[in-house]
Amino acid sequence: MLRLLSRSQSREIQPVFGACVDYALMQDGRPFNENATELEFDELPAGTPRSAKRIFAIEPTPGQPVGVVEGLCGYPSLKIWYLGLMLVVPRSRSLGIGSSALQELEDYVGPPEKVGAAAANTDSGSQVPC
Ligand SMILES: CC(C)(COP(=O)(O)OP(=O)(O)OC[C@H]1O[C@@H](n2cnc3c(N)ncnc32)[C@H](O)[C@@H]1OP(=O)(O)O)[C@@H](O)C(=O)NCCC(=O)NCCS
């Protein structure tokens, strides 16, 4: 159900942002910017590499995104994934899609052993286990 997006694919989920105007109004007091998806890729805590940002389309049916979930790998510390923005369009809410997406993201991140093993590679200089 999750499809990892590159920045160049970000337009594909812009309609999700457009449909989630309720959340945008609650959060920012205005609809999402028309470049919201690109901005989401670019928004990073200071010192965090771009490669740490993972944005997924939520697609119960391949090619038909109904949501988006964003993770930040290795933030705020090595063994942690920070869950950022998560949206499911209003017409698709309360169907279990958000829960399934979250479960799939946890499976993607992998068990603690995997994260721990990656963290052990910090000798190579990387501060991010991914
Ligand atoms: C939060 C969200 C992604 C959940 O997606 P979903 O597909 O509806 O999730 P599920 O169907 O798996 O689970 C729904 C349950 O999650 C819980 N839930 C959803 N939104 C919630 C909220 N704002 N506060 C507390 N619980 C919430 C409720 O228990 C809900 O059950 P209900 O539908 O019987 O009330 C979706 O509601 C959404 O996009 N909301 C607007 C954006 C938002 O608030 N994102 C989170 C912060 S970034």
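Presented here is a report on the structure given in the accompanying data block. (Residues numbered from 1 in each chain as written. Predicted model: local features only at pLDDT ≥ 70, side-chain atom pairs only at ≥ 80, totals over all residues. Heavy atoms only, no water.)

1. With respect to the site of the ligand
What counts is decided by this rule: Here a residue counts as near a molecule or strand whenever at least one of its heavy atoms sits within 4 Å of it. Any pair of nitrogen or oxygen atoms within 3.5 Å is treated as a polar contact; in protein, a donor-acceptor pairing is required on top of that, and neighbouring residues in sequence qualify only through side-chain atoms on both sides. The method behind every accessible area is Shrake-Rupley, applied with a 1.4 Å probe, and residues are considered shielded solely by the protein chains displayed. Runs of E in the DSSP output that reach at least two residues are strands. Runs of H or I that reach at least four are helices, and both are numbered from the N terminus.
Taken together, Y23, L85, M86, L87, V88, R93, S94, L95, G96, I97, G98 and S99 make up the full set of residues near the ligand. In the environment of the ligand, an oxygen atom lies 2.7 Å from a nitrogen or oxygen atom belonging to the backbone of G98. In isolation the ligand has 880 Å² of accessible area, and contact with the protein removes 49% of it. Elements with a contribution of two residues or more to the shell around the ligand: strand 4 (81–88) and helix 4 (97–109). For the shell around the ligand, the element with the most residues is strand 4, which contributes four residues.

2. Considering unusual backbone geometry
Of note, the amide linkage connecting Y75 to P76 takes the cis form, showing an omega dihedral of 5°. Counting through the fold element by element, P76 comes out in the loop between strand 3 (67–73) and strand 4.

3. Considerations on the nonpolar core
Counted only if it meets this: As used in this record, nonpolar core signifies buried Ala, Val, Leu, Ile, Met, Phe, Trp, Tyr and Cys residues forming a set joined through side-chain atoms within 4.5 Å. Per-residue accessibility, obtained with a 1.4 Å probe over protein chains only, is compared with the maximum for each type, and a residue is labelled buried under 20%, exposed over 50%, and partly exposed between these values. We call two residues in contact whenever any of their non-hydrogen atoms come within 4.5 Å of each other.
Of all hydrophobic cores here, the largest spans 27 residues; its most connected members are I13, F17 and L87. Elements with a minimum of two residues in this core: strand 1 (2–5), helix 1 (14–19), helix 3 (36–42), strand 2 (53–58), strand 3, strand 4 and helix 4. Residues contacting L87, with those up to four places away along its chain left out, are V16, F17, C20, Y23, F32, I58, V66, G67 and V68.

4. A word on helix 4
Under the convention used in this document: A helix's residues, less one, multiplied by 1.5 Å, set its expected span. This arc is built from the directions going out from the helix axis to the C-beta atoms.
Over its 13 residues, helix 4 runs 18 Å from end to end, which matches the ideal 18 Å to within 8%, given 1.5 Å per residue. Among the residues of helix 4, those classed as buried are I97, A101, L105 and V109. Axial view of helix 4: buried residues confined to an arc of 110°, hence all on one face. Away from the buried face of helix 4 by more than 90 degrees, exposed residues S99 and D107 are located. Just past helix 4, the residue G110 takes up positive phi, approximately 95°.

5. Concerning the packing of aromatic side chains
Put simply, the test is: Pairing of aromatic rings covers Phe, Tyr and the six-membered ring of Trp, with a centre-to-centre limit of 6.5 Å; geometry is then stacked below 30 degrees between planes, edge-to-face above 60, and tilted otherwise.
Under the criterion given, the structure shown has five aromatic pairs. Between the aromatic rings of Y75 and Y82, the centroid separation amounts to 5.7 Å while the plane-to-plane angle is 85°, which identifies the pairing as edge-to-face. The class of Y82 is partly exposed, set by a relative accessible area of 45%. An angle of 85° between the planes, with centres 5.9 Å apart, marks the rings of W81 and Y108 as edge-to-face. Highlighted residues: W81 in strand 4 and Y108 in helix 4, separated in sequence by 27 residues. The structure contains a cluster of three or more aromatic residues connected by ring pairs, namely F17, Y23 and F32.

6. Digging into the sheet that holds strand 2
To be explicit about the condition: In this scheme, strands are said to pair when DSSP sees at least two bridges between them. Axis geometry follows a simple rule: fit a line to the C-alpha atoms, using only the stretch in contact for helices, then measure angles between N-to-C directions, giving values from 0 to 180 degrees.
In space, the four strands of this open sheet follow the order 1-2-3-4, with antiparallel pairing throughout. The open sheet has two edge strands, strand 1 and strand 4, and neither has a second partner. Across the sheet, the axes of successive neighbouring strands diverge by a mean angle of 25°, strand direction being ignored. Two strands pair when backbone bridges link them, and strand 3 and strand 4 are joined in this way by six bridges, in the antiparallel orientation. What sits directly across from C73, in strand 4, is W81. Those strands touched by helix 4 are strand 1, strand 2, strand 3 and strand 4, and its axis lies near 150° from that of strand 4.

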